[in-house]
Amino acid sequence: MISLSTSVVSLHSYAGSSHNNQKSKKISNDKPSIIYFIALFYSFLSMGLGSALIGPTLLKFGEQTNSPFEQIVYIIFTRSFGFLGGTLIGGTLIDYFPLLGRTFLTIAICTMCISTLIIPYLYRLIFMIIAHLMWSLAGGIVDNLAQILTIRHYEKFNVNPYLQALHGAFGVGAFLSPLIIAPFLRQSSPLNQWHYAYWLIGCLQIPNVIYILIYAIRDGLCSRKTEQISLETKEVDELNQQIEYIVTCDEQTKQAKPSSTKNFCFLSLITIFLLLYVGGESAFGAYLHTYASVHLLFPQDIAAYLNSLFWASFAFGRLCGIPLSMKFSALQMIFFDLIGCIGSLTLIYILNKSSLMLWIGSIFYGLSVASIYPSAIAFTERYVSITGKRMSIIAVGGSTGDAIIPLLIGYCISPKLIGPIGFILISLVVVILASLLFAFILLYVKHRPEKVVCQEKEIVEKK
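Residues numbered from 1 in each chain as written. Predicted model: local features only at pLDDT ≥ 70, side-chain atom pairs only at ≥ 80, totals over all residues. Heavy atoms only, no water.

So, on to the overall build of the protein. The secondary structure content of the protein amounts to 17 helices and zero strands. By the burial criterion, 52% of the 463 residues in the protein qualify as buried. Sequence separation of 24 or more characterises 86% of the internal contacts of the protein that already satisfy a separation of 6 or more. A total of about 21800 Å² of accessible surface is found on the protein, and carbon and sulfur atoms cover 69% of it. (Helix = DSSP H or I, 4+ residues; strand = E, 2+ residues; numbered from the N terminus. Buried < 20%, exposed > 50% of the residue type's maximum accessible area, 1.4 Å probe, protein only. Contact = heavy atoms within 4.5 Å. Areas by Shrake-Rupley, 256 points an atom, 1.4 Å probe, with all protein chains shown as cover.)

Our focus in this paragraph is the pattern of salt bridges. This structure, assessed with the given rule, holds one salt bridge. For the salt bridge of lysine 60 with glutamate 63, the shortest nitrogen-to-oxygen distance reads 3.7 Å. Of this pair, lysine 60 and glutamate 63 are both found in helix H3 (residues 54-65), three residues apart, which corresponds to roughly one turn of the helix. On the basis of relative accessible area, glutamate 63 is assigned to the partly exposed category, the value being 38%. (Salt bridge = Lys/Arg side-chain N within 4 Å of Asp/Glu carboxyl O.)

Grouped together as the largest cluster of nonpolar side chains are 122 residues, with contacts concentrated most on Phe61, Phe273, Tyr287, Phe379 and Ile441. When residues in this core are grouped by element, the largest group, 16 residues, is from helix H10 (residues 234-295). For isoleucine 441, the residues in contact, after removing those within four places along its chain, are Phe266, Leu269, Ile270, Phe273 and Phe379. (Core = buried A, V, L, I, M, F, W, Y, C linked by side-chain atoms within 4.5 Å.)

It is worth spelling out the side chain of serine 67 at this point. Mapping serine 67 onto the fold places it in the loop between H3 and helix H4 (69-96). Residue serine 67 is classed as buried on the basis of its relative accessible area of 13%. At 3.1 Å, the side chain of serine 67 and the side chain of threonine 65 are in polar contact. Apart from the residues within four sequence positions on either side, serine 67 is in contact with Gly62, Ile72 and Leu125. (Polar contact = N/O pair within 3.5 Å; in protein donor to acceptor, adjacent residues only side chain to side chain.)

Per the counting criterion, the structure on display carries 21 aromatic pairs. Plain terms: the ring middles of tyrosine 121 and tryptophan 199 are 5.6 Å apart, the flat faces sit at 35 degrees to each other, and that makes the pair tilted. Residue tyrosine 121 is located in the loop between helix H5 (101-118) and helix H6 (125-153), and its partner tryptophan 199 is located in helix H8 (residues 195-204); the two are separated by 78 residues in the primary sequence. Owing to a relative accessible area of 56%, tyrosine 121 belongs among the exposed residues under this scheme. (Phe/Tyr/Trp six-rings, centres within 6.5 Å; stacked < 30°, edge-to-face > 60°.)

Turning to the packing of H4 against H6, a few remarks are in order. Where H4 meets H6, the axes come as close as 6 Å, and the angle between the chain directions of the two elements is 35 degrees. Regarding H4 and H6, the two cross each other, and that crossing is right-handed. Grouping the amino acids of the contact of H4 with H6 by side-chain chemistry returns 16 nonpolar, 13 polar and four charged. (Axes fitted to C-alpha atoms, helices over the stretch in contact; angles between N-to-C directions. Left-handed = near helix turned anticlockwise from the far one by under 90°. Nonpolar A, V, L, I, M, F, W, Y, C, P; charged D, E, K, R; others polar.)

Another point: the environment of leucine 433. With respect to the helices and strands, the residue leucine 433 is situated in helix H16 (residues 422-446). Owing to a relative accessible area of 44%, leucine 433 belongs among the partly exposed residues under this scheme. Each C-alpha atom, one on leucine 433 and one on tyrosine 277, is 9.4 Å from the other, the two residues being 156 residues apart in sequence.

Geometry of a packed helix pair, given as the angle between the helix axes and the separation of the axes. One way to put it is that H5 packs onto H8 with a least axis distance of 8 Å and a crossing angle of 165 degrees. The angle between H5 and H8 places the two elements in the roughly antiparallel class. Crossing geometry of H5 relative to H8 is assigned as left-handed. Every residue of H8 that contacts H5 at Cys113, Thr116 and Leu117 is listed here: Tyr198, Trp199, Gly202 and Cys203. (Parallel < 35°, antiparallel > 145°, perpendicular 65-115°, else oblique.)

Tracing the backbone shows glycine 91 in helix H4. Among the residues examined, glycine 91 registers a relative accessible area of 1% and is labelled buried. Glycine 91 sits 52 residues away from aspartate 143 along the chain, and the two C-alpha atoms are 9.9 Å apart.

Another aspect to go through is helix H12 (residues 330-350). Taking 1.5 Å as the rise per residue, H12 with 21 residues should run 30 Å; its terminal C-alpha atoms sit 30 Å apart, in good agreement. Listed as buried for H12 are Ala330, Met333, Ile334, Asp337, Leu338, Cys341, Ser344, Leu345 and Ile348. The arc enclosing the buried residues of H12, seen along the axis, measures out at 140 degrees, which places them on a common side. In H12, the exposed positions angled more than 90 degrees off the buried face are occupied by Phe336 and Ile350. (Expected span 1.5 Å × (residues − 1). Arc of directions from axis to C-beta.)

With that out of the way, let us pick up the side chain of serine 313. Summarising the element assignment, serine 313 is placed in helix H11 (residues 300-327). In contact with serine 313, not counting residues within four places along its chain, are Ser362, Ile363, Gly366 and Leu367.

What follows covers helix H13 (residues 355-369). The terminal C-alpha atoms of H13 lie 21 Å apart, and with 15 residues this matches the ideal 21 Å at 1.5 Å per residue to within 8%. Of all the positions in H13, only Met357, Leu358, Gly361, Ser362, Tyr365, Gly366, Ser368 and Val369 are classed as buried. The buried residues of H13 occupy an angular sector of 160 degrees when the element is viewed end-on, so they sit on one face. Where H13 begins, the side chain of serine 354 points an oxygen toward the backbone nitrogen of leucine 356, at a separation of 3.5 Å.

Attention now moves to the confidence of the model for the protein. In this model, the protein carries a mean pLDDT of 75, and residues with pLDDT of at least 70 account for 76%. Predicted confidence for residues 245-258 stays below pLDDT 50, and this span has ten contacts to residues more than four positions away or in other chains. Every residue in residues 449-463 scores below 50 in pLDDT, and together they form 28 contacts with partners more than four places removed in sequence or on other chains. (pLDDT = per-residue confidence, 0-100.)

Looking now at unusual backbone geometry. Despite not being glycine, asparagine 66 shows a phi value in the positive range, around 55 degrees. With respect to the helices and strands, the residue asparagine 66 is situated in the loop between H3 and H4. Take asparagine 66: its relative accessible area is 70%, and that puts it in the exposed class.

Note on placement: alanine 330 falls in helix H12. In this structure alanine 330 comes out as buried when scored by relative accessible area, which is 8%. It is 6.4 Å that separates the C-alpha atoms of alanine 330 and alanine 378, two residues lying 48 residues apart in sequence. With residues near it in sequence (within four places) discarded, alanine 330 still touches Ser375, Ala378 and Phe379.

Written as structure tokens, this is what we have:
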């Protein structure tokens, strides 16, 4: 029995070594595809364009549907809930159909485009909510698929700058969106002239659909060739799997349970952290226009420019995160970002009657909050291998925060409760809680055995 297992191990080692040599040669000759990354960049750009539209037009939705602000808040909740469902759907699709990732991405972007175009035609709140639900479901799928496709395509390189650039595209789109719609919100403009901004942004997403569709068609043609090759190598793969099972069965049985438990705890902590972070970020972008209009009596077009300035600083912060991520670790970037978020929100809260401080604080908050999400993904990737399901778990935290915290702020800024200042107060509390939680995550990681991390990654790669 010992001689048999020894021969099996040697056979597996010989087959694995020749395979690894071929793989290493392939990796050394590969170069990152910038053209393909532009397609993924455009996907997040489209998502940013649509996401930032809701802030400046939130009051216009009430005028169009003859609904009070307390009911309009449900649009934000519906979008957040739909984004949560979209991230779960996207992670499941990419795991079960790995070769159809770009096809699903094309369908999702097309759905975003259609829902953006039809929103101006809806004059009942229920239909408005359904259209926003369609957009958010598609947006959640785009968010998950684009990140997974980026990680898979650039896993041979330092993926952190690509993630920073990908999320920077969202910031660029969110910056451009209020600039596009601001001229249509002036007091001299007709009541429904803001419709043109939705139609324009919907049409801007059409080239992205065509761009990704080209890659999806190419994947369909390549998948046929892949099926032919897989039939030829099926017997060899089955033999390798049997050998691998004999060699590693006992090791996986001993190691999988403790490592999976530790990974579940780690992912849960990261998920709650992103719940707080994304909830605070999305609430600030959604209610900044309303806060400036109600609390400081900004004209609607000026408030739209303030919202655009926030997203401009947000985009600039994420673009700056690309070179910074090459010199600083994800831990260092998150640490300084959280300090900047607390400082900027504290100044806005203390000097809440100053219009100048609102402009300055919004800029610094946008710069600080920008690179937290991609840095958190890169930080997580150091300790666990990110699969489609795990990415969905992480995205669930952000989507849940995107649903709960804006809804909570929407109720609290009512004059019957805290008032408009509750927007800044709750945002500050959320950032402080996120900072305390991240400090706890660092303590958890510090006392986590490093061998468990390495063993877990090896097991996932073998599977």
